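Residues per chain are reported as follows:
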Amino acid sequence: MNIGEVAARSGLPAKTIRYYEDIKLIRPARDANGYRAFSEADLHKLTFLSRARALGFTIEDCRALLALWEDSSRASADVKQIAGEHLDEIDRKIADLKSMRDTLAGLVRDCAGDGRPDCPILTGLSKPRG
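Residues numbered from 1 in each chain as written. Predicted model: local features only at pLDDT ≥ 70, side-chain atom pairs only at ≥ 80, totals over all residues. Heavy atoms only, no water.

**Student:** Looking at this structure, I do not really get the packing of aromatic side chains. What am I missing?
**Tutor:** By convention here, two paired aromatic rings are described through the distance between centres and the angle between planes. For the structure on display, the rule yields 2 aromatic pairs. Pairing Tyr19 with Tyr20 gives two aromatic rings, centres 6.1 Å apart and planes at 45°, and the pair type is tilted. Residue Tyr20 is classed as buried on the basis of its relative accessible area of 4%. With a centroid separation of 4.8 Å and 20° between ring planes, the pair formed by Phe48 and Trp69 is classed as stacked. Here Phe48, found in helix 3 (residues 40-54), pairs with Trp69, found in helix 4 (residues 59-70); they are 21 residues apart in sequence, far enough to count as distant. (Phe/Tyr/Trp six-rings, centres within 6.5 Å; stacked < 30°, edge-to-face > 60°. Buried < 20%, exposed > 50% of the residue type's maximum accessible area, 1.4 Å probe, protein only. Helix = DSSP H or I, 4+ residues; strand = E, 2+ residues; numbered from the N terminus.)

Structure representation (structure tokens):
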């Protein structure tokens with residue numbers, strides 16, 4: 001498959017596929033004319049990477065997960081550790097977003113939104129974090 005075909009089948013832009021090749025996540029063969037020649041195995045790796053990235057795994061996590069995926073003697077505990085650490089990070093981000101939402105909701109609730117110049121939102125934004 002050429003890059004256009006593998007891009008269409010994997011759902012990844014060609015630019016992303018080239019980037020993954022540049023950082024050695026994939027290593028497609030080259031035809032005699034120098035063009036990339038992607039195999040079904042390359043397509044499976046790209047699909048794997050696409051799904052892992054969609055779940056928010058970092059490039060380095062993807063590299064580790066891909067290595068584990070390719071290693072038939074892997075321990076599932078290694079995979080679970082990477083996924084668990086990522087899940088913990090997602091939980092931290094959710095907690096941060098909930099806190100941000102609560103703060104902003106309180107500011108919006110307290111603002112009359114009328115013609116007066118005083119605004120609890122601006123006052124709240126000007127205060128140092130506490």
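**Student:** What is the right way to read the domain arrangement of the chain from this model?
**Tutor:** It is common to report an interface's size as the accessible area lost on association of the parts. As assigned here, the chain comprises domain 1 (1-74) and domain 2 (76-130). A separation of 35 Å is found between the C-alpha centroids of domain 1 and domain 2. Residue-level contacts link 8 residues of domain 1 with 7 residues of domain 2. Inspection of the region where domain 1 meets domain 2 yields 0 salt bridges. Taken together, the links from domain 1 to domain 2 amount to 2 residue pairs in polar contact (both at pLDDT 80 or more). Of the residues assigned to the side of domain 1 that touches domain 2, the class counts are 5 nonpolar, 1 polar and 2 charged. (Domains from an automatic or database assignment. Contact = heavy atoms within 4.5 Å. Salt bridge = Lys/Arg side-chain N within 4 Å of Asp/Glu carboxyl O. Polar contact = N/O pair within 3.5 Å; in protein donor to acceptor, adjacent residues only side chain to side chain. Nonpolar A, V, L, I, M, F, W, Y, C, P; charged D, E, K, R; others polar.)

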